[in-house]
Amino acid sequence: MELKSLPVISIRNLKKSYGDKQVLKGINLEIYPGQVIGYIGPNGAGKSTTVKVLTGLINDYEGEVLFYGKNIQDDIISIKAKIGYVPENAEIYEVLTPLEYLDFVGKLYGMEESHIAERAMKLLTAFGINTNADQRMDTFSKGMRQKVLLISGIIHNPEIIILDEPLSGLDANAVMMVKELIALLAQDGKTIFYCSHMMDVVEKVSDRILLINNGEIIADGSFEELREGGNLTLEHIFAKLTGKEESNKEAHHVLDALK
Ligand SMILES: Nc1ncnc2c1ncn2[C@@H]1O[C@H](COP(=O)(O)OP(=O)(O)OP(=O)(O)O)[C@@H](O)[C@H]1O
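Residues numbered from 1 in each chain as written. Predicted model: local features only at pLDDT ≥ 70, side-chain atom pairs only at ≥ 80, totals over all residues.

The name given to the protein chain in an unreviewed UniProt entry is ABC transporter ATP-binding protein, with the source organism recorded as Arcticibacter svalbardensis MN12-7.

Following this line, the structure appears as structure tokens:
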């Protein structure tokens, strides 16, 4: 893995607890420009909690998080302007149209009004929903809403893009398009931090995969490195490293419980 210049993000001994439950147990990471990080782990492992720390939504943690060498706690406003964030289960203002919503988001990022409308229309066209630009989003399908959310995360052309399950609800064509888009954004020098349970997608789009389990990073490397010369899929590597190779047995237990 080629490491370029200074890290965009440095996480040092990050710990986070909810009450007396520690969910991040001392995470250390350096993330470099242009990297596509696939952040994977079982349900409840701590992925969304990490993302919330990185996006400034959680600030009662131990350890340090630096963006371009600056502590995020010291300069969260200017750091937020450089980040595009697509949250999992985001609330979207459904009574608005995509153009109204994107205008609102663009203004939050300090974009010029004329610039927002032009870029929003281009992005809506690229995602194939330009004909719905003036339609209220409470009439939208799940995938259409997800596309608007994705657009709202990149409309200000951020340097760092943080995606929490961005493909949820998207059809196969849109998934392919987003996969290609992630690769192009990375070629363009953007740094991408991407949480997902879709192992086949993570395997293809990430140049570095981080596996978190019980609040600790237990694997860090390219797909080839994690495979260690073997021919396992990422799904198998995930099961092996998280000690869940018995999904077959678990499925039988569920069925037994119904009898
Ligand atoms: N606001 C909260 N209050 C208390 N506990 C929380 C809170 N948010 C998350 N947790 C707990 O922290 C742990 C990590 O949750 P987190 O959402 O980070 O996991 P995740 O890896 O994103 O999981 P998933 O894959 O299911 O989305 C879980 O045990 C969860 O119950």
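Let's pick the thread back up.
Novice: Just checking my understanding: could you explain unusual backbone geometry for this structure?
Specialist: A negative phi holds for most residues other than glycine; trans holds for most peptide bonds. With phi around 50 degrees, Asn157 is a residue other than glycine that occupies positive phi space. Exposure remark for Asn157: the 14 C-beta atoms within 10 Å place this residue in the partly exposed category. Unlike most non-glycine residues, Glu165 shows phi in positive territory, near 45 degrees. Positionally, Glu165 belongs in the loop between strand E7 (160-164) and helix H6 (172-187). (Buried ≥ 20, exposed ≤ 12 C-beta atoms within 10 Å, placed from the backbone. Helix = DSSP H or I, 4+ residues; strand = E, 2+ residues; numbered from the N terminus.)

Novice: Help me understand the confidence of the model for the protein chain, please; the structure alone is not making it clear to me.
Specialist: Residues shown with low pLDDT carry predicted positions that ought not to be read at fine detail. When pLDDT is averaged along the protein chain, the result is 90, and 97% of the positions lie at 70 or above. Here the predicted complex scores 0.88 on pTM and 0.98 on ipTM. (pLDDT = per-residue confidence, 0-100.)

Novice: How should I be thinking about the UniProt feature "domain: ABC transporter" (unreviewed entry) in the protein chain in this particular structure?
Specialist: Per the UniProt annotation, the sites labelled "domain: ABC transporter" (unreviewed entry) are residues 9-239. From the first C-alpha to the last, residues 9-239 spans 28 Å; its make-up is 38% helix and 26% strand. (UniProt positions renumbered as here; feature names shortened; annotations may be inferred.)

Novice: Honestly, helix H1 (residues 47-54) in this entry has me stumped. Any pointers?
Specialist: Residues lying three or four places apart along an α-helix face the same way, a consequence of the helix completing one turn every 3.6 residues. Of all 8 residues making up H1, 6 are buried, and the element is well covered by its neighbours. By the burial criterion, the buried members of H1 are Lys47, Thr49, Thr50, Val51, Val53 and Leu54. Of the residues flanking the end of H1, it is Gly56, one or two places downstream, whose phi is positive at about 80 degrees.

Novice: Mind showing me how you'd approach the site of the ligand here?
Specialist: The local shell around the ligand consists of Tyr18, Val23, Gly41, Asn43, Gly44, Ala45, Gly46, Lys47, Ser48 and Thr49. Of all the elements, H1 adds the most residues to the shell around the ligand, at 3 residues. For the shell around the ligand, the per-class residue count stands at 3 nonpolar, 6 polar and 1 charged. (Near = placed C-beta within 6 Å. Nonpolar A, V, L, I, M, F, W, Y, C, P; charged D, E, K, R; others polar.)

Novice: Mind showing me how you'd approach the domain arrangement of the protein chain here?
Specialist: For an interface, size is often stated in terms of accessible area lost upon the parts coming together. Along its sequence, the protein chain is organised into domain 1 (9-82 + 158-258) and domain 2 (92-157). Centre-to-centre separation of domain 1 and domain 2, based on C-alpha positions: 26 Å. Domain 1 puts 10 residues into the contact, and the matching count from domain 2 is 11 residues. A class-by-class count of the residues in the side of domain 1 that touches domain 2 yields 7 nonpolar, 2 polar and 1 charged. (Domains from an automatic or database assignment. Contact = placed C-beta atoms within 7 Å.)

Novice: Sorry, what's going on with the pairing of strand E8 (residues 191-195) here?
Specialist: Along a regular strand, successive side chains alternate from one face of the sheet to the other. For E8, a buried count of 5 out of 5 residues is recorded, marking the element as mostly surrounded by other parts of the structure. By the alternation rule, side chains of E8 split into Thr191, Phe193 and Cys195 and Ile192 and Tyr194, which are all buried. Pairing between E7 and E8: 5 bridges, direction parallel. Among the inter-strand pairings, Asp164 is bridged to a residue of E8, identified as Cys195. Since E7 and E8 lie parallel, the crossover through H6 that links them has a hand, and here it is right-handed. (Pairing = 2+ DSSP bridges. Right-handed = clockwise from strand over helix to strand, strands pointing away.)

Novice: How do you make sense of the pairing of strand E4 (residues 62-67) when you look at a structure like this?
Specialist: Relative to E4, strand E1 (residues 9-18) is paired through 5 bridges, and the arrangement is antiparallel. Across the sheet, the residue bridging to Ile9 is Phe67, located in E4. In this sheet, strand E5 (residues 70-71) lies alongside E4 in antiparallel orientation, the contact comprising 2 bridges. Within E5, the residue paired with Leu66 across the bridge is Asn71.

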